[in-house]
Amino acid sequence: MSNFIVRKVAVLGAGVMGAQIAAHCANANVPVVLFDLPAKEGDPNGIVKKALDGLKKLEPSPLAAKDRVAYIDAANYDSGLEQLRGCDLIIEAIAERMDWKHDLYRKVAPFVAEHAIFASNTSGLSINALAEALPAGLKPRFCGVHFFNPPRYMQLVELIACKGTAPELLDNLETFLTTTLGKGVVRALDTPNFVANRVGVFSMLAVMHHTERLGLGFDVVDALTGPAIGRPKSATYRTADVVGLDTLAHVIKTMQDTLPADPWHKFYAAPAWLTFLIGKGALGQKTRAGIYRKEGKAIHVVDLAKQDYRPSAGEVDAEVAAILKIRNPAEKFEKLRAHASPQAQFLWAIFRDIFHYCAFHLESIAGNARDVDLAMRWGFGWKEGPFETWQAAGWQAIANAVKADIDAGQAMSAAPLPAWVFDGRVGVHGKAGSYSASARVEQPRSTLPVYARQVFPERVLGEAEERGTTVFESEGVRMWTAPGDADIAVLSFKSKANTLGPDVLEGIIEAVARAERDYQGLVIWQSKPPFSAGANLAALAPALQAKDFAGLEKGVARFQQMSQTLKYAQVPVVAAVSGMALGGGCEVVMHSSRAVAALESYIGLVEAGVGLIPAGGGCKEFALRASEAAARIAGGDVFLFLQPVFQTVAMANVSKSALEARELGFLRESDPVVFNAQEILHVARQTARALAESGWRPKLPPRGIKVAGRNGIATLEMMLVNMREGGMISAHDYRVAKGAAAALCGGDVETGTPVNEDWLLAVERHEFVELLKTEKTQQRIAHMLETGKPLRN
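Bringing the overall build of the protein into the picture now. Within the protein, the secondary structure is distributed over 28 helices and 23 strands. Computed over its C-alpha atoms, the radius of gyration of the protein comes to 29 Å, within 12% of the 28 Å expected for a compact globule of 793 residues. Dimensions along the principal axes, computed over C-alpha positions, put the protein at roughly 80 × 65 × 60 Å. Taken over 793 residues, the protein has a buried fraction of 56%. In the protein, once contacts between residues fewer than 6 apart in sequence are set aside, the share between residues at least 24 apart is 71%. Summed over its atoms, the accessible surface of the protein is roughly 33,300 Å², and 54% of this surface lies on carbon and sulfur atoms. Once the 85 positive and 85 negative side-chain charges of the protein are each reduced to a mean point, those two points are 1 Å apart.

Geometry of an aromatic ring pair is reported as the spacing of the ring centres plus the angle between the planes. In this structure the tally under the stated criterion is 26 aromatic pairs. With a centroid separation of 4.5 Å and 55 degrees between ring planes, the pair formed by phenylalanine 218 and tyrosine 237 is classed as tilted. Highlighted residues: phenylalanine 218 in helix H7 (residues 218-224) and tyrosine 237 in helix H8 (residues 237-243), separated in sequence by 19 residues. For phenylalanine 218, a relative accessible area of 3% translates into the label buried.

Along its sequence, the protein is carved into domain 1 (9-188), domain 2 (196-443) and domain 3 (469-777). Computed over C-alpha atoms, the centres of domain 2 and domain 3 are 44 Å apart.

It is worth spelling out helix H10 (residues 272-279) at this point. Within H10, the full set of buried residues consists of Trp273, Leu274 and Leu277. Projection of H10 onto a plane perpendicular to its axis shows the buried side chains occupying an angular sector of 100 degrees, all on one side. Turned more than 90 degrees away from the buried face of H10 sit Ala272 and Gly279, all of them exposed. For H10, the secondary structure elements touched by its buried residues are helix H6 (196-214), H7, H8, helix H9 (245-258), strand S10 (298-303) and strand S11 (308-311).

Before going further, it helps to spend a moment on the nonpolar core. Counting 126 residues, the largest nonpolar core has Leu34, Phe147, Leu177, Met479, Leu491, Leu522 and Phe646 as the members making the most contacts within it. Tallying contributions element by element places helix H26 (residues 731-745) first for this core, with nine residues. Here this core spans two domains, since at least three of its residues come from each of domain 1 (9-188) and domain 3 (469-777). Apart from residues lying up to four places away in sequence, phenylalanine 147 is in contact with Met17, Ile21, Ile91, Asn121, Leu156, Val157, Leu177 and Leu181.

This part covers the packing of helix H12 (residues 329-338) against helix H13 (residues 342-365). H13 packs onto H12 with a crossing angle of 120 degrees between their chain directions and a minimal axis gap of 7 Å. In this structure, the crossing between H12 and H13 has a hand that is left-handed. Of the residues in H13, those touching H12 at Phe333, Leu336, Arg337 and Ala338 are Ala344, Gln345, Leu347, Trp348, Phe351 and Phe355.

Here we come to the pattern of salt bridges. Enumeration over the complete set of coordinates arrives at 51 salt bridges. Note that aspartate 67 is salt-bridged to arginine 68, the shortest N-O span being 3.1 Å. Classification of aspartate 67 as partly exposed rests on a relative accessible area of 35%. Taking relative accessible area as the criterion, arginine 68 reaches 9% and is therefore assigned buried. We note a salt bridge from aspartate 405 to arginine 352, for which the minimum N-O separation is 3.0 Å. Here arginine 352 lies in helix H13 and aspartate 405 lies in helix H16 (residues 395-407), a separation of 53 residues in the sequence. Judged by its relative accessible area of 4%, aspartate 405 falls in the buried class.

With that settled, the discussion passes to the sheet that holds strand S8 (residues 184-188). Pairing is mixed across the open sheet formed by eight strands, whose spatial order is S3-S2-S1-S4-S5-S6-S7-S8. The open sheet is flanked by strand S3 (72-76) and S8, the only strands paired with a single partner. Strand-to-strand, the axes of this sheet are offset by a mean angle of 25 degrees, without reference to chain direction. Here strand S7 (residues 156-161) runs beside S8; their pairing, made up of five bridges, is parallel. Pairing of isoleucine 160 across the sheet is with alanine 188, part of S8. Those strands touched by helix H3 (residues 98-108) are strand S1 (9-12), strand S4 (89-92), strand S5 (117-120) and strand S6 (142-147), and its axis lies near 165 degrees from that of S5. Against the sheet, helix H14 (residues 369-380) makes contact with S7 and S8, and its axis sits at roughly 130 degrees relative to S8, the strand it touches most.

As paired strands, strand S9 (residues 292-295) and S10 are joined by four bridges and run antiparallel to one another. By the bridge assignment, tyrosine 292 is partnered in S10 with valine 301. Between S9 and S10, which pair antiparallel one after the other, the connecting turn spans two residues, and glycine 296 there sits at a positive phi close to 70 degrees.

Among the structural elements, asparagine 27 can be located in helix H1 (residues 16-27). Overall, the relative accessible area of 1% leaves asparagine 27 in the buried class. Here the side chain of asparagine 27 touches proline 62 through a polar contact of 2.9 Å, landing on its backbone oxygen. Beyond its immediate stretch of four places on either side in the chain, asparagine 27 contacts Pro62, Leu63, Ala64, Ala65, Arg68, Arg152, Leu659 and Phe675.

Turning our eyes to something else, we now look at the sheet that holds strand S21 (residues 673-674). Spatial ordering of the open sheet is given by S15-S16-S17-S18-S19-S20-S21, a layout of seven strands whose pairing is mixed. Since the sheet does not close on itself, it has two edges, and those belong to strand S15 (469-473) and S21, each with one partner. As judged from the four bridges shared by strand S17 (residues 488-493) and strand S18 (residues 521-524), these two strands associate in the parallel manner. The partner of isoleucine 488 across the bridge, within S18, is glycine 521. With respect to the sheet, helix H20 (residues 584-591) is in contact with S18, strand S19 (573-582) and strand S20 (594-604), its orientation differing from that of S19 by roughly 150 degrees.

Right, let's talk about the packing of helix H21 (residues 618-631) against helix H27 (residues 757-772) for a bit. Viewed as axis vectors pointing N to C, H21 and H27 meet at an angle of 135 degrees, and their least axial separation amounts to 8 Å. Overall, the two elements H21 and H27 adopt an arrangement that is oblique. Here the hand of the crossing between H21 and H27 comes out right-handed. For the pair formed by H21 and H27, the contact residues are Gly618, Cys619, Lys620, Glu621, Ala623 and Leu624 on the first element and Glu757, Leu760, Leu761 and Glu764 on the second.

Attention now moves to unusual backbone geometry. Most peptide bonds adopt trans geometry, and most residues besides glycine take a negative phi value. Of the consecutive residues glutamate 59 and proline 60, the connecting peptide bond is found in the cis state with omega at -5 degrees. Residue position: proline 60 is located in the loop between helix H2 (46-57) and S3. Asparagine 149 connects to proline 150 through a cis peptide bond whose omega is 0 degrees. Counting through the fold element by element, proline 150 comes out in the loop between S6 and S7. Despite not being glycine, alanine 235 has its phi angle at roughly 50 degrees, a positive value. With a phi angle near 60 degrees, arginine 440 is a residue other than glycine that sits in the positive phi range. Within the element layout of this structure, arginine 440 appears in the loop between strand S13 (433-436) and strand S14 (441-443).

About the cut-offs
- Residues numbered from 1 in each chain as written.
- Predicted model: local features only at pLDDT ≥ 70, side-chain atom pairs only at ≥ 80, totals over all residues.
- Heavy atoms only, no water.
- Helix = DSSP H or I, 4+ residues; strand = E, 2+ residues; numbered from the N terminus.
- Rg over C-alpha atoms; globule rule 2.2 N^0.38 Å.
- Buried < 20%, exposed > 50% of the residue type's maximum accessible area, 1.4 Å probe, protein only.
- Contact = heavy atoms within 4.5 Å.
- Areas by Shrake-Rupley, 256 points an atom, 1.4 Å probe, with all protein chains shown as cover.
- Lys, Arg positive; Asp, Glu negative; His and termini not counted.
- Charge placed at Lys NZ, Arg CZ, Asp CG, Glu CD.
- Phe/Tyr/Trp six-rings, centres within 6.5 Å; stacked < 30°, edge-to-face > 60°.
- Domains from an automatic or database assignment.
- Arc of directions from axis to C-beta.
- Core = buried A, V, L, I, M, F, W, Y, C linked by side-chain atoms within 4.5 Å.
- Axes fitted to C-alpha atoms, helices over the stretch in contact; angles between N-to-C directions.
- Left-handed = near helix turned anticlockwise from the far one by under 90°.
- Salt bridge = Lys/Arg side-chain N within 4 Å of Asp/Glu carboxyl O.
- Pairing = 2+ DSSP bridges.
- Polar contact = N/O pair within 3.5 Å; in protein donor to acceptor, adjacent residues only side chain to side chain.
- Parallel < 35°, antiparallel > 145°, perpendicular 65-115°, else oblique.

See the structure below:
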């Protein structure tokens with residue numbers, strides 16, 4: 001496969017999806033030209049510029065850093081089409097109208113470069129039908145590339161070929177989507193709504209059907225179909241509001257129009273209540289009213305019987321909740337099916353019908369069962385795909401129960417389950433691969449070279465799980481080597497949320513010693529996010545209750561020793577970060593030789609939230625870095641570099657991406673940002689190896705760290721007084737921030753005094769313990785341990 005380099009992307013259509021696809025390309029350092037119709041008045045590029053302004057206001061932000069929007073150029077179809085000639089990938093993302101898309105294709109085709117890929121972001125229109133408007137020379141370079149909303153955060157992209165698409169083009173595009181944009185790619189067949197929307201929308205229709213059949217409230221159903229069954233918090237009807245009720249109706253209409261022979265066709269229709277709400281203009285979140293409506297702080301939900309809104313108060317019945325907590329899936333489904341409660345019958349029915357639907361349609365909509373399961377995980381946020389859930393509950397037992405309901409006329413369709421379901425199998429996923437109903441074999445995973453970068457790809461139930469070879473294990477950590485890589489050791493934490501308690505601290509120190517003795521480098525990596533939620537506050541509780549402050553100070557000193565051990569390790573230590581790295585977790589990152597961070601890394605020193613300051617070396621590192629930055633500038637003032645850092649620490653700011661973590665100073669410019677979280681272990685190992693090959697030696701301990709001292713502390717205190725007097729912070733917030741100021745400025749010394757790291761660590765440790773002695777900090781810690789939420793007191 002030859003290299004395919006995307007130097008520039010064009011996106012046609014500056015609507016919700018088009019603008020956000022452009023934003024995510026810009027996040028990945030790929031410049032973009034964003035097109036739309038010329039504005040009728042004023043600036044011809046006004047429509048696109050308005051969309052770009054909108055990107056800056058969206059939350060969660062589609063932009064991983066504020067400056068990314070500058071890499072998106074605005075253009076229009078009348079005067080800007082020449083710019084297409086310089087684009088390597090062109091993504092069409094206009095409204096879902098076949099005639100509009102055909103007209104646009106005819107207009108832009110003459111300007112598409114001979115090497116460029118042309119792709120449609122259609123969510124369900126036929127790729128082959130779309131290709132009919134293209135000249136013969138462009139058809140081999142045309143395909144579907146369906147992003148999910150919001151494109152930055154949703155992992156799934158469906159890749160769909162038309163009849164003439166060149167196989168190498170698909171491989172090249174899959175590689176670009178996987179590594180550069182960080183996506184999970186599923187190759188879908190050219191059938192209406194492809195894989196995820198086909199299954200996901202049917203799942204919603206099944207929920208709607210059984211909601212009405214059993215007379216359940218929308219809020220009750222959302223209580224049942226959210227986290228209680230491994231689905232997102234938005235569940236079913238809140239999801240519909242977020243998607244837009246009009247958009248949902250359009251997708252349903254597509255299925256109705258294009259699938260006339262489908263055994264479930266009679267259910268491909270918008271319920272009367274949905275049509276009624278759309279007619280009233282209640283389209284969901286975008287119109288501030290849909291199935292749900294916010295009235296003040298209260299959430300109200302549509303009550304079909306009253307034809308009006310009422311307070312939302314849906315709850316799961318106690319007996320049903322107890323069944324859902326059963327760990328054995330087979331027992332859980334058996335009890336749901338047997339229970340007379342409408343809620344239990346509802347849950348059995350929606351699972352039964354989705355199992356039935358997926359088995360019947362597997363041959364026509366997807367290459368194999370793995371693609372269906374991953375599509376639902378990545379595109380709809382399900383914890384497990386439908387085939388995984390079925391297999392976990394006992395394949396044949398569930399198959400027999402589904403068949404019995406079909407035979408009894410209780411299922412939504414009378415279509416029989418396909419014969420392969422009953423061929424003696426125990427599931428569709430196994431060591432050899434996942435079952436393909438069209439090929440009648442178990443298909444292994446893709447062998448595209450890009451997937452060699454995923455040391456441990458996301459697995460489906462039943463696949464072989466590789467854990468590497470353990471070389472050292474304790475209560476807190478596991479040190480191991482991955483297959484085929486005996487030179488670089490990996491360290492993973494075993495604690496809840498990968499928190500840093502005494503056992504983890506000792507494990508890190510031991511792992512560094514072993515790495516220095518036996519390996520070329522060490523990578524700190526967790527099999528699942530977060531990287532680390534920080535220090536284990538519960539470990540502090542006994543000593544805090546006993547007022548053993550001398551013991552607590554020793555514990556803080558040991559944490560600092562761990563950080564310094566990382567910093568001065570004689571082999572490179574690389575932190576592979578994905579998800580949250582908070583408090584002590586952030587300090588592990590800051591003291592590692594390098595960090596390799598997934599784009600979606602949320603890093604911050606958050607100790608202020610529990611009435612403390614960073615004391616694992618975080619304040620020391622920022623004081624040191626400010627001194628080094630000032631020294632690089634003639635007459636540089638260390639305080640100028642400390643002021644933004646102080647605001648970050650005192651306000652417990654957390655980065656909203658790895659790119660923002662660089663801006664805040666938690667990551668260095670030399671720390672790589674990787675867009676696909678599945679690739680960070682690979683990149684981290686390569687980084688450690690490259691550092692080792694370059695003759696790695698840690699920096700020598702700095703001498704003469706110039707600090708801001710008393711003047712710096714006084715200046716920061718003046719700012720805090722104004723904030724306190726203005727009611728922006730409480731008296732205890734002021735006390736905590738004053739402690740942070742002292743630690744960052746090097747304590748009670750003259751401005752410009754040269755100190756060493758031990759001095760800074762001692763100041764940091766002193767301020768931390770003094771705060772621990774205060775009643776309000778103790779209250780904040782107790783509240784966090786009880787509720788998991790910060791207390792403002």
